[in-house]
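# Residue-level structural notes
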Amino acid sequence: MRPSATPAMEPLDLEQYLSHHRALVEEALAQRLPWQAAPSERLNAAMRYSLLGGGKRLRPILVLACTEALGHRPERFLPFACAMECIHTYSLIHDDLPAMDDDALRRGRPTCHKQFDEATAILAGDALLTLAFELAAQPIAGVDPLESLGLIQLLAQGAGMGGMVGGQMLDMLSEKKQLSLEELKTVHACKTGALIRVACVAGARLGGGTPEQRERLANYGAAIGLAFQITDDILDETGDSRLLGKATGQDQQSAKATYPRLLGLHNARQEAEHQVAQAISSLEPFTSQADPLRHLARFVLTRTH
Ligand code: GRG
C-alpha cells in the first residue's frame, strides 16, 4: 500500500545542518585536495572554477549523513564525499558542452566552456573524474581496505556505463522519441539516481551498517534519487532560472519526455511525494541520528534550486 503521508519528524534546523555540512565539504574541496599536483595552471583554474563555484553539495552531504545515521562523526569520510562531488561536477561540465546540452549558465555563472574554452572544459571534466578515484582510494581510519576497494567499484558502476554515463546516453537518444513511463524511469534511475543511490550506499558501508541497514539506505537513495529528478523536471517547467542558476524551459524546447509531460504537473508532484514518503519509511528502524536524512528527503521535494 502507498504511504499517503510522511510520518511526523523531530524538528531540525535543516538550513543550519546543510550550511554546516556544505562548509565542511567546501573546505575539504578547496584546501585538502592535491591541487599542487596539476602542472597546468589553466587546468587547475578550470577545475577549481567549476568545483568551488557553488552547488548544493547534495551527494557528499548524503554520504556524510548516512554515516551519521549510523552513529559516526562525518569528518573522516570527507575524502570519499569529495570524490562524489568531483564526479558530479565533471558530469555537469560535460553535460553543458555544445555537443550535449549546450548551456551557457550553471550555478549562476558562465559554464566552464564559456569561461575557459571547450577543450579546457573537457579536460577539466576528465581530470575531476580521475581525481575522484584518487580520493576514493585514500585509506580511511577504521575502514577495511577491502571495503574501500568495493566502494571504488561501486562508484565506478554508479558513474559509468551502467549508471550515469549510460543514463546520459539513453537520455540523449530519447530526445526525439516517445518514451513510456517505465523507460523514462530507467533513464532517470541511471542518469541521476545512480550517483545519489551510490552516495547513500557508500555512507552505509563506510559507517559499517548491517546488511539490513545497507539495503534500507540503498532504498532511501533510490527513492530520493527519483524524487530529485522528478522535481528537476518540474523546476524546468515552473522554476525561476535566477534561483536555479541555469536556464529553464530546456526540456520543453527540446520536446523531451519528462514526468510532467507524461503524467501532468499534478501527478508528477504526487509521484515525487510518494517517492519521498517511501524514502522516509525506509528509515523507520533508524534512531533520531537519521533525522537529517528524513529532512533531506523532504528538502529534495521542496527545493527551489
Ligand atoms: C555528461 C556523463 C555526463 C552525465 C551528465 C548529471 C547529468 C548527467 C546531467 C545534468 C543534467 C541535469 C540538469 C540533470 C538533472 C538532475 C541534476 C543532476 C541536476 C543537477 O544537480 P544538482 O541540482 O546541482 O545537485 P548542484 O549545482 O546543486 O550541484
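What this report covers is the structure whose coordinates are included nearby. (Residues numbered from 1 in each chain as written. Predicted model: local features only at pLDDT ≥ 70, side-chain atom pairs only at ≥ 80, totals over all residues. Heavy atoms only, no water.)

## Re the packing of aromatic side chains
All chains considered together, the criterion is met by one aromatic pair. Measuring from ring centre to ring centre gives 5.6 Å for Tyr-49 and Phe-116, while their planes differ by 75°; the resulting arrangement is edge-to-face. Of this pair, Tyr-49 sits in helix α2 (residues 41-51) while Phe-116 sits in the loop between α5 (112-115) and α6 (118-136); the two residues are 67 residues apart in sequence, bridging distant segments of the chain. For the pair shown, Tyr-49 and Phe-116 are each scored as buried. Sitting above the plane of the Tyr-49 ring, Arg-109 keeps its charged end 3.9 Å from the centroid. (Phe/Tyr/Trp six-rings, centres within 6.5 Å; stacked < 30°, edge-to-face > 60°. Helix = DSSP H or I, 4+ residues; strand = E, 2+ residues; numbered from the N terminus. Buried < 20%, exposed > 50% of the residue type's maximum accessible area, 1.4 Å probe, protein only. Lys NZ or Arg CZ within 6 Å of the ring centre and 35° of its normal.)

## A few points about the pattern of salt bridges
Pairs can form between side chains of opposite charge whenever their charged atoms are close. Within this structure, the stated rule accounts for twelve salt bridges. Arg-205 is the partner of Glu-147 in a salt bridge, and the nearest nitrogen-oxygen pair spans 2.8 Å. Residue Glu-147 is found in helix α7 (residues 145-159), and its partner Arg-205 is found in helix α9 (residues 181-206); the two are separated by 58 residues along the sequence. Here Glu-147 falls in the buried class, since its relative accessible area comes to 17%. A salt bridge links Arg-214 to Glu-147; its shortest N-O distance comes to 3.2 Å. Pair noted here: Arg-214 is in helix α10 (residues 211-238) and Glu-147 is in helix α7, with a separation of 67 residues, a long-range link. (Salt bridge = Lys/Arg side-chain N within 4 Å of Asp/Glu carboxyl O.)

## Some words on the site of the ligand
Around the ligand, a shell composed of 21 residues is seen, among which Lys-56, Arg-59, His-88, Arg-107 and Asp-232 lie nearest. A distance of 2.8 Å separates an oxygen atom of the ligand from a polar atom in the side chain of Arg-59. Taking Arg-107, its side chain carries an N or O atom lying 2.8 Å from an oxygen atom of the ligand. For the ligand, the protein covers 93% of the area, taking 700 Å² as the surface of the free molecule. Mapped by element, the contributors of at least two residues to the shell around the ligand are α4 (78-95), α8 (164-173), α9 and α10. Examining the composition of the shell around the ligand, we find that six residues originate from one element, α4, more than from any other. Counted by class, the shell around the ligand contains six nonpolar, seven polar and eight charged residues. (Near = heavy atom within 4 Å. Polar contact = N/O pair within 3.5 Å; in protein donor to acceptor, adjacent residues only side chain to side chain. Areas by Shrake-Rupley, 256 points an atom, 1.4 Å probe, with all protein chains shown as cover. Nonpolar A, V, L, I, M, F, W, Y, C, P; charged D, E, K, R; others polar.)

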